[in-house]
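Listed below, chain by chain, are the residues.
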Amino acid sequence: MGPALVEGFREHGAIVATGDEPLTEPGAAEELVRSAGEVDVLVANLSCPAPATPAAEVSDDEWRSVFAHLVDPLPRLVRAVLPQMTARGTGKVIVMGSAAALRGMRRTSTYSAARGAQVAYVRAVGTEVAPHGVQVNLIAQNFVENDVYFPEEVRRLPMFQERLRREVPAQRLGTPREDAMLAVFLASDECCFMVGQSLPLAGGWVT
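A few points on the structure. Not measured: the values here are computed from a predicted model.

Some remarks on the overall build of the protein chain
So, point 1. Within the protein chain, the regular secondary structure consists of eight helices and four strands.
So, point 2. Reading the protein chain from its N end, one meets helices and strands in the order α-α-β-α-α-β-α-β-α-α-α-β.
So, point 3. Taken over the C-alpha trace, the protein chain has a radius of gyration of 17 Å; the compact-globule value for 207 residues is 17 Å, and the two agree within 12%.
So, point 4. When the accessible surface of the protein chain is split by element, carbon and sulfur atoms take 54% of a total near 11000 Å².
So, point 5. Looking at charge distribution, the protein chain has the averaged site of its 19 positive side-chain charges lying 6 Å from that of its 25 negative ones.

Structure, rendered in structure tokens:
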């Protein structure tokens, strides 16, 4: 989602500072925010490959690794931007999450738990900082075209096409641009009454 987000925000006049390095090490998230300077909108686009391990076989290492990529950097990023946002009385935090947190799926206990932690964090922090003029929300995406979760070789498989028809009412993948435009809307001055929400963008897979 990174390139589509950058393109979408720049199209709407934003000056975009990016970081594509893993934020698993303490201090990395804070340094990224410090180097960006004044931040009006933080988009936390955290990802990692989703394990497909049966729950009874999930190792401690798998659990720690997924949470280190998807959960641990989030409060570090938010802690780094909140002081300046609350001092100005305005700011937006948008988390690119997953609809896997909103619907049960087999063999995804680790990934779904981490994405669920993001949802709970956004709900709590969004409620806490809304009185200071800061909105925190999450896009719960799934079945959006991207090379991490749905690479081209998977998208071409007849079995995957059948899965789309069976599970997704829209019967197609969403586009990265559709996803990015929702993020742009959440970041805009026209959207200041959304607090701690997790908005599904999944073609009806979650309703």
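Some words on the layout of surface pockets
To find leftover empty space, one rolls a probe the size of a water molecule over the atoms.
So, point 1. In this structure, the second largest pocket occupies an estimated 680 Å³ of space.
So, point 2. Forming the walls of the second largest pocket are 29 residues, and the residues nearest its centre are Met105, Thr108, Asn142, Phe150 and Arg163.
So, point 3. Secondary structure elements with two or more residues in the lining of the second largest pocket: strand S2 (91-98), helix H5 (109-129) and helix H7 (158-167).
So, point 4. Per-element tally for the lining of the second largest pocket: the top contributor is H7, with five residues.
So, point 5. Among the residues making up the lining of the second largest pocket, the classes are represented as 15 nonpolar, seven polar and seven charged.

Notes on the sheet that holds strand S3 (residues 134-141)
Hydrogen bonds between backbone groups are what pair the strands of a sheet, and the pairing can be parallel or antiparallel.
So, point 1. Taken in spatial order, the four strands make up an open sheet running S1-S2-S3-S4, and their pairing is parallel. Only two strands of the sheet have a single partner each, and these edge strands are strand S1 (41-44) and strand S4 (198-201). The average undirected angle you get between the axes of adjacent strands in this sheet is 20°.
So, point 2. The pairing of S3 with S4 spans four bridges and is classified as parallel. Counterpart to Leu138 in the pairing with S4 is Ser198.
So, point 3. The sheet contacts of helix H4 (residues 73-88) involve S1, S2 and S3, and relative to S1 the element is tilted by about 175°.
So, point 4. Across the sheet, H5 is in contact with S2, S3 and S4; its angle to S3 comes to roughly 155°.

Points about the nonpolar core
So, point 1. Among the nonpolar cores identified, the biggest contains 41 residues, and Leu42, Leu70, Val93 and Phe143 are the most heavily contacted of them.
So, point 2. If you list the elements that add at least two residues to this core, you get helix H2 (28-36), S1, helix H3 (60-70), H4, S2, H5, S3 and H7.
So, point 3. Residue contacts for Val93: discarding those within four places in its chain leaves Leu42, Val78, Val81, Met85, Gln135, Val136 and Asn137.
So, point 4. In this structure, Ala4, Leu5, Met96 and Cys191 belong to the second largest nonpolar core, which totals 16 residues.

Structural notes on unusual backbone geometry
Glycine aside, a negative phi is what most residues show, and trans is what most peptide bonds show.
So, point 1. We note that Arg107 has phi near 60°; this positive angle belongs to a residue other than glycine.
So, point 2. Mapped onto the fold, Arg107 is located in the loop between S2 and H5.
So, point 3. Look at Arg107 and you get partly exposed, because its relative accessible area is 49%.

Digging into the packing of aromatic side chains
Two numbers describe a pair of aromatic rings. These are the distance of the centres and the angle of the planes.
So, point 1. If you walk through the whole model with that rule in mind, you get five aromatic pairs.
So, point 2. Consider the rings of Phe143 and Phe150, whose centres lie 5.5 Å apart with planes at 15°: the pair is stacked.
So, point 3. Overall, the relative accessible area of 8% leaves Phe150 in the buried class.
So, point 4. Taken together, the ring pairs in this structure connect Phe143, Phe150, Phe160 and Trp205 into an aromatic cluster.

Cut-offs and rules
- Residues numbered from 1 in each chain as written.
- Predicted model: local features only at pLDDT ≥ 70, side-chain atom pairs only at ≥ 80, totals over all residues.
- Heavy atoms only, no water.
- Helix = DSSP H or I, 4+ residues; strand = E, 2+ residues; numbered from the N terminus.
- Rg over C-alpha atoms; globule rule 2.2 N^0.38 Å.
- Areas by Shrake-Rupley, 256 points an atom, 1.4 Å probe, with all protein chains shown as cover.
- Lys, Arg positive; Asp, Glu negative; His and termini not counted.
- Charge placed at Lys NZ, Arg CZ, Asp CG, Glu CD.
- 1 Å grid on protein atoms, 1.4 Å probe; cavity = no way out; pocket = protein on both sides within 12 Å on 5 of 7 lines; lining within 4 Å.
- Points joined across faces, edges and corners; volume = space filled by probe spheres on them.
- Nonpolar A, V, L, I, M, F, W, Y, C, P; charged D, E, K, R; others polar.
- Pairing = 2+ DSSP bridges.
- Axes fitted to C-alpha atoms, helices over the stretch in contact; angles between N-to-C directions.
- Contact = heavy atoms within 4.5 Å.
- Core = buried A, V, L, I, M, F, W, Y, C linked by side-chain atoms within 4.5 Å.
- Buried < 20%, exposed > 50% of the residue type's maximum accessible area, 1.4 Å probe, protein only.
- Phe/Tyr/Trp six-rings, centres within 6.5 Å; stacked < 30°, edge-to-face > 60°.

Honestly, it's all geometry; don't read function into it.
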